[in-house]
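What follows is the residue order along each chain.
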Amino acid sequence: ARAHQTVVIYMGVSALPEICAGLMRHGLPGSMPAAVVEHIARPGMRRVTGTLDNLPQRATAAAVRSPALIVVGEVVALSEVLVPVLGAAVPEVRRA
C-alpha cells in the first residue's frame, strides 16, 4: 500500500486488526482514513469510519459483521459527502 492510493478488501472483517496492523507495518500511517461498509448497497447498509489506528476498535464496538468492505485511503474522508449521494443512486436489489 502507498500514500494516495485506495485499498479495498472484501470479506476481511474477521482479520481487520491484522489487516490494519499489516498496512501500518508496511508504511501507511496510523492516521490514514479507513472505513468498514457493511451490507453495501442494501437497505441495512452501515459504515464505520476511523483511521488504521482505531478502526478495529470502532468496528468491534459497532458489532460489524460480514458481508462488508474495508476501504483504506484518503477517499474515506469523502464518505460524508459521497455515501448519501451514491446510496440514493443505487437501486435496491430485488431477488426473484
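Here the structure is shown first, and the text comes after it.
1. As for the overall build of the protein
Helix and strand counts for the protein stand at three helices and four strands. Listing each helix as α and each strand as β along the protein from the N terminus yields β-α-β-β-α-β-α. Burial analysis of the protein (96 residues in total) assigns 33% to the buried set. Contacts in the protein between residues at least 24 apart in sequence constitute 62% of all its contacts with a sequence separation of at least 6. For the protein, the computed accessible surface area is about 6100 Å², with 59% contributed by carbon and sulfur atoms.

2. Things to note about the side chain of Thr-51
In this structure, Thr-51 sits in strand β3 (residues 46-51). Excluding residues that lie within four positions of it along the chain, Thr-51 makes contacts with Gly-30, Ser-31, Met-32, Pro-33 and Ala-34.

3. Notes on the environment of His-39
Residue position: His-39 is located in the loop between β2 (33-38) and β3. Setting aside its immediate chain neighbours within four residues, His-39 contacts Gly-44, Met-45, Ser-66 and Pro-67.

Conventions used here
- Residues numbered from 1 in each chain as written.
- Predicted model: local features only at pLDDT ≥ 70, side-chain atom pairs only at ≥ 80, totals over all residues.
- Heavy atoms only, no water.
- Helix = DSSP H or I, 4+ residues; strand = E, 2+ residues; numbered from the N terminus.
- Buried < 20%, exposed > 50% of the residue type's maximum accessible area, 1.4 Å probe, protein only.
- Contact = heavy atoms within 4.5 Å.
- Areas by Shrake-Rupley, 256 points an atom, 1.4 Å probe, with all protein chains shown as cover.

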